[in-house]
Amino acid sequence: MKNIAVLTSGGDSPGMNACIRAIVRSANKKKIQVHGIQYGYDGLINNDFKILSPYDVGNTIHIGGTILKSARSDEFRTNEGRKKAHKNLRSNNIDGLIVLGGDGSLTGAKIFVEEFNFKVIGIPCTIDNDIYGTDYSIGFSTARETVVNAIDKIRDTASSHERIFIVEVMGRESGFLALESGVASGAELILIPENNNSMDEVIKSIKKINDKKKSVIIVYAEGCKFGTLNELSNKIKNNIQNSNVRVSILGHIQRGGIPSPSDRILASILGYESINKITEGYTNKMVGIINQNTMLLDLEDAISKKKNINLSLNKMSNIISRY
Ligand code: ATP
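Residues numbered from 1 in each chain as written. Predicted model: local features only at pLDDT ≥ 70, side-chain atom pairs only at ≥ 80, totals over all residues. Heavy atoms only, no water.

J.: Help me understand the overall build of the protein chain in this model?
T.: Within the protein chain one finds 11 helices and 11 strands. Over its C-alpha atoms the protein chain spans a radius of gyration of 22 Å, differing by no more than 12% from the 20 Å that the globule rule assigns to 323 residues. Across its three principal directions, the C-alpha atoms of the protein chain cover 70 × 35 × 30 Å. Counting over 323 residues, the protein chain shows a buried share of 54%. When the accessible surface of the protein chain is totalled, it reaches about 14,700 Å², and 45% of it is carbon and sulfur. (Helix = DSSP H or I, 4+ residues; strand = E, 2+ residues; numbered from the N terminus. Rg over C-alpha atoms; globule rule 2.2 N^0.38 Å. Buried < 20%, exposed > 50% of the residue type's maximum accessible area, 1.4 Å probe, protein only. Areas by Shrake-Rupley, 256 points an atom, 1.4 Å probe, with all protein chains shown as cover.)

J.: I would appreciate a short explanation of the sheet that holds strand 9 (residues 245-249) in the present structure.
T.: Paired through backbone hydrogen bonds, the strands of a sheet run either parallel or antiparallel to each other. Pairing is parallel across the open sheet formed by four strands, whose spatial order is 7-8-6-9. Strands with a single pairing partner mark the edges of an open sheet, and in this sheet they are strand 7 (189-191) and strand 9. Neighbouring strand axes in the sheet, compared pairwise and without regard to direction, differ in orientation by 20° on average. Note that strand 6 (residues 164-169) and strand 9 share five bridges and pair parallel. Bridge assignment links Phe-165 to a residue of strand 9, and that residue is Arg-246. Its contacts with the sheet put helix 6 (residues 176-184) on strand 6, strand 7 and strand 8 (216-221), and the angle it makes with strand 7 is roughly 175°. (Pairing = 2+ DSSP bridges. Axes fitted to C-alpha atoms, helices over the stretch in contact; angles between N-to-C directions. Contact = heavy atoms within 4.5 Å.)

J.: Teacher, can you tell me more about helix 1 (residues 16-29) here?
T.: Every α-helix carries 3.6 residues per turn, so stepping three or four residues along brings you back to the same face. Counted at 1.5 Å a residue, the expected span for helix 1 with its 14 residues is 20 Å, and the 20 Å between its end C-alpha atoms agrees. Among all positions in helix 1, only Met-16, Asn-17, Ala-18, Cys-19, Ile-20, Ala-22, Ile-23, Val-24, Ser-26 and Ala-27 are buried. Lys-31, located one to two residues past helix 1, shows a positive phi value of around 65°. (Expected span 1.5 Å × (residues − 1).)

J.: Can you help me understand the packing of aromatic side chains in this one?
T.: A ring pair, where both rings are aromatic, is described by two values, the distance of the centres and the angle of the planes. Considering all chains together, one arrives at six aromatic pairs under this definition. Residues Phe-112 and Phe-116 carry aromatic rings whose centres are separated by 5.1 Å and whose planes lie at 50° to one another, so their mutual orientation is tilted. Separated by four residues within a single helix, Phe-112 and Phe-116 lie in helix 4 (residues 103-116), roughly one turn from each other. Of the two residues, Phe-112 and Phe-116, neither departs from the other in class, the shared state being buried. Lys-307 extends its terminal NZ or CZ atom over the ring of Phe-176, reaching a point 5.3 Å from the ring centre. (Phe/Tyr/Trp six-rings, centres within 6.5 Å; stacked < 30°, edge-to-face > 60°. Lys NZ or Arg CZ within 6 Å of the ring centre and 35° of its normal.)

J.: Explanation requested: the site of the ligand in the structure shown.
T.: Residues in contact with the ligand amount to 18 residues; listed here are only the nearest, Arg-72, Ser-73, Gly-102, Gly-104 and Ser-105. One nitrogen or oxygen atom from the main chain of Gly-11 is found 3.2 Å from an oxygen atom belonging to the ligand. Within the contact set of the ligand, an oxygen atom lies 2.7 Å away from a backbone nitrogen or oxygen of Ser-73. Looking at the shell around the ligand element by element, the count peaks at six residues for helix 4. The class makeup of the residues in the shell around the ligand is three nonpolar, 10 polar and five charged. (Near = heavy atom within 4 Å. Polar contact = N/O pair within 3.5 Å; in protein donor to acceptor, adjacent residues only side chain to side chain. Nonpolar A, V, L, I, M, F, W, Y, C, P; charged D, E, K, R; others polar.)

In short, geometric facts, not functional conclusions.
What follows is the structure, encoded as C-alpha cells:
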C-alpha cells in the first residue's frame, strides 16, 4: 500500500482529530501517504483530496470538531454518487479508505466496499455510543463530561429555587449518553428510549421524589417514547400542585469541545489499529475496543447488531439518587 485516504462523516465528535493524527503518523511510519478528504463523502465525490503530512496534524490532538470538515452527503446514497467516489479514489491511486463516523457513515462504507471491492476500515465516532462492537465510540466520553458539567450547574438553581428541571440530552435512538451522565450527575430520574415507562408511572415517581427532596433533576433522552418534552412538562405542572418546572435543552453544546483524555486515548488506539489492519489486508471491518482489547468486526455486525444498554445502572440510580 502506498496511498490511503481518510474522511470524517456525519455528526462531528470530539476526538476525530486525535484519530486523524494517529492515522497519518502510523501510516507515515510504514511509508504510506495519507490523503485527507474534505467534507466527508461529498469530498470523495467532488475530488476534494489533500495530502496530510505528519506535520499537518501537529497540535490537533486537543482540538474538537474535525480538521477535515464533515458533511451529510445525499449524493453518496445513490449508486451514481458512489461511482464518482470510486473513480476519484482510483485516479488518485488510493489503495484503501478509512471512514470515521456513526452508524450511517459505516453503512455507507459497507455498501461502498460491497459494490467496488475497495479496502475500507471504519472507526466508530459518535457521541451517542450506540455502535455495536466497541465499549465506547470516539466522542462519547467528552459529551458525557459536557452533560455532567451542565447538570451540575443546573442543580445549583434547581436546589436553590426548589424546582423540577427536565434536562434534554441527545439520543434519538439510544439512551447511553442520558444514562451515564444521569448516573454521574446524581439525577433523580433518568428517562431513556430503552425503558417502557408510562407517563402515569413517570408522574407518580416525580411526585414522590418532589415531596421529599423538593428539587428534582430529570434527564430526558430526546428519543423517549412515552411522550414529548412538552407533554411531560405540562403533565407535571397539572399533576403536582405548585410545581415549579423548567426545561433545559442542552442541544449542540454536547457535540463540540476539547476532547477528554479518554477520547484522545481511544482515538489514538483506533487510528493506529486501523492502519495496522488495513495494511494487513483487512477490509469491510470496524475497529473497536472491548474490555481493553482491540477488536476487529464486520461492518455488517457493527451496523446491524443492537448494542445492549446496561439497564441495571438505571435501577441502581433510582435507589442511590433518592431517599
Ligand atoms: P451521527 O451518529 O452523528 O448521526 P452518522 O454517521 O450516523 O453520524 P448519518 O447522517 O446517518 O450520520 O450518515 C452520514 C452519511 O453517511 C450520510 O450523509 C450518507 O452520505 C452516508 N450514508 C448513510 N446511510 C447510507 C446508506 N444507506 N447508503 C449510502 N450512504 C449512506
